[in-house]
Amino acid sequence: PGVPWCYDSQDPKCGPRYWKDLAKGCGGDNQSPINIDRRKVQRDRNLGDILFEGYDQAPPGKWKLMNNGHTAMMRLEGESVSEHINITIGILLEKYRALQFHFHWGTLKGNGSEHTIDGDQFPMELHVVHMNTKYKTFSEAKGHPNGLAVLGFLYKVSDADNSNYNTIVAGLKNISRQGDSVDLASTFCLNNLLPSMANLSKYYRYQGSLTTPDCAEVVVWTLFEEPILISQSQLNAFVNTVHFPATGASLMKMTNNFRPPQPLKNRKVYASKD
Ligand code: B30
Ligand code: ZN
């Protein structure tokens with residue numbers, strides 16, 4: 001409804017600074033992403049290891065990779081499939097089910113993560129989106145605080161290709177335009193795309209929002225300290241292959257599909273470890 005939102009790289013006239021005019025929520029006091037100032041985070045000993053279930057299994061169904069006009073997103077084919085992929089987090093040990101994962105990136109020369117650490121932006125950021133299992137649908141979950149949990153991972157450039165990303169990177173050519181989608185054989189599991197599980201005990205936790213309109217403030221954010229390694233040529237494939245929605249025959253590469261950091265306001269960021 002109304003004027004669509006966009007990123008500045010598409011058209012500054014509908015970019016992040018105007019989102020609050022399209023969706024009131026985007027002007028709220030608990031917005032994401034944020035800069036994480038390491039000197040100001042508060043250690044919280046209650047933040048234990050996150051319990052991952054099904055992250056180590058190739059799903060019985062297929063992965064569906066799609067271009068939704070603002071990111072490359074992987075969705076599981078059929079609900080019964082994602083029922084097997086869950087995380088348990090927080091002091092209340094609430095359980096959340098994985099729904100989709102997607103990426104935010106920059107340009108061939110510039111970084112594109114949404115979260116920054118001590119002011120540093122990273123080349124790319126992965127979001128694994130989950131909904132609280134006490135709700136039946138995404139829209140129901142979106143109506144409650146703590147309804148969604150997103151796990152955020154930052155990328156770092158490595159010399160060698162990360163072969164666990166070969167299937168996704170190769171699939172990008174099939175989702176060049178908005179609305180395109182491709183089924184990928186689910187020969188890999190989510191774990192393969194992440195840093196080693198042994199290195200996931202240090203993370204940052206805060207209460208925030210979806211980073212795109214309507215910017216609903218219903219997200220328990222977890223940002224991991226350990227980066228995912230990926231080569232420059234694999235990163236370049238995102239920039240060079242995926243396109244924003246276009247008018248007419250013109251094609252515009254999808255670049256800088258990140259929202260810049262938002263004010264922390266009255267919130268605290270907690271760290272699971274020193
Ligand atoms: S994020 O992780 O905070 N970047 C959504 C989920 C996670 C984030 C942002 C948005 C989301 O589910 N949004 C509503 C659904 N989408 C459809 C979609 O497939 O992905 C509608 C939309 O935004 O227009 Cu994009
Ligand atoms: Zn995201």
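Provided above is the structure to which this section pertains.
Residues numbered from 1 in each chain as written. Chains lettered and ligands numbered in written order. Predicted model: local features only at pLDDT ≥ 70, side-chain atom pairs only at ≥ 80, totals over all residues. Heavy atoms only, no water.

> Is there a simple way to explain the side chain of His104 in this structure?
Inspection of the secondary structure puts His104 in strand S7 (residues 94-105). Looking at His104, its side chain comes within polar contact range of the side chain of Glu114, at 3.3 Å. Residues in contact with His104, not counting those within four places in the same chain, are Tyr7, Gly112, Glu114, Pro123, Met124, Glu125, His127, Thr211, Asn257 and Phe258. (Helix = DSSP H or I, 4+ residues; strand = E, 2+ residues; numbered from the N terminus. Polar contact = N/O pair within 3.5 Å; in protein donor to acceptor, adjacent residues only side chain to side chain. Contact = heavy atoms within 4.5 Å.)

> I keep staring at the packing of aromatic side chains and nothing clicks. Help me out?
Remark: the centre distance and the inter-plane angle together describe each pair of aromatic rings, the angle taken between the planes. Summed over the entire model, instances satisfying the criterion amount to 15 aromatic pairs. Ring geometry for Tyr7 versus Trp19: centroids 5.8 Å apart, planes at 70°, classification edge-to-face. On the criterion of sequence distance, the pair formed by Tyr7 in the segment before helix H1 (19-22) and Trp19 in helix H1 is long-range, its members being 12 residues apart. In this structure, Tyr7 and Trp19 share a single accessibility class: buried. Of the aromatic side chains, those joined through ring pairs into one cluster are Trp63, Phe101, Phe103, Trp105, Tyr155, Tyr165, Phe188 and Phe238. (Phe/Tyr/Trp six-rings, centres within 6.5 Å; stacked < 30°, edge-to-face > 60°. Buried < 20%, exposed > 50% of the residue type's maximum accessible area, 1.4 Å probe, protein only.)

> Looking at this structure, how should I read the site of ligand 1?
Neighbouring residues of ligand 1: 14 residues in total, closest Asn68, His70, Phe138, Thr211 and Thr212. Between ligand 1 and His102 there is a distance of 3.2 Å, counted from a nitrogen atom to a side-chain nitrogen or oxygen. For ligand 1, a nitrogen atom lies 3.4 Å from a polar atom in the side chain of His104. Among the secondary structure elements, those contributing two or more residues to the shell around ligand 1 are S7 and strand S9 (124-132). Of all the elements, S7 adds the most residues to the shell around ligand 1, at 3 residues. Grouping the constituent residues of the shell around ligand 1 by class yields 6 nonpolar, 8 polar and no charged. (Near = heavy atom within 4 Å. Nonpolar A, V, L, I, M, F, W, Y, C, P; charged D, E, K, R; others polar.)

> When you look at the pattern of salt bridges in this model, what are you seeing that I'm missing?
When charged atoms on two side chains of opposite charge get close, those side chains can pair. Inspection of the entire model under this criterion finds 12 salt bridges. We note a salt bridge from Arg17 to Asp8, for which the minimum N-O separation is 3.2 Å. Using a relative accessible area of 35% as the deciding quantity, one classes Asp8 as partly exposed. Put simply, Lys134 and Glu94 hold a salt bridge, and the shortest N to O gap is 2.9 Å. With Lys134 in the loop between S9 and helix H3 (138-141) and Glu94 in strand S7, the pair connects residues that are 40 residues apart, well separated along the chain. According to the relative accessible area criterion, Glu94 is buried, its value standing at 15%. Each member of the salt-bridge network shares a partner with another, and the members are Asp37, Arg39 and Lys40. (Salt bridge = Lys/Arg side-chain N within 4 Å of Asp/Glu carboxyl O.)

> Quick question: what am I supposed to make of the pairing of strand S4 (residues 63-67) here?
On a regular strand, one side chain projects to one face of the sheet and the next to the other, so that they alternate. For S4, a buried count of 5 out of 5 residues is recorded, marking the element as mostly surrounded by other parts of the structure. Residues Trp63, Leu65 and Asn67 of S4 are buried on one face, and the alternating residues Lys64 and Met66, pointing to the opposite face, are buried as well. Across 5 bridges, the pairing between S4 and strand S5 (residues 72-76) is antiparallel. When the bridges of S5 are listed, Met66 appears paired with Met73. (Pairing = 2+ DSSP bridges.)

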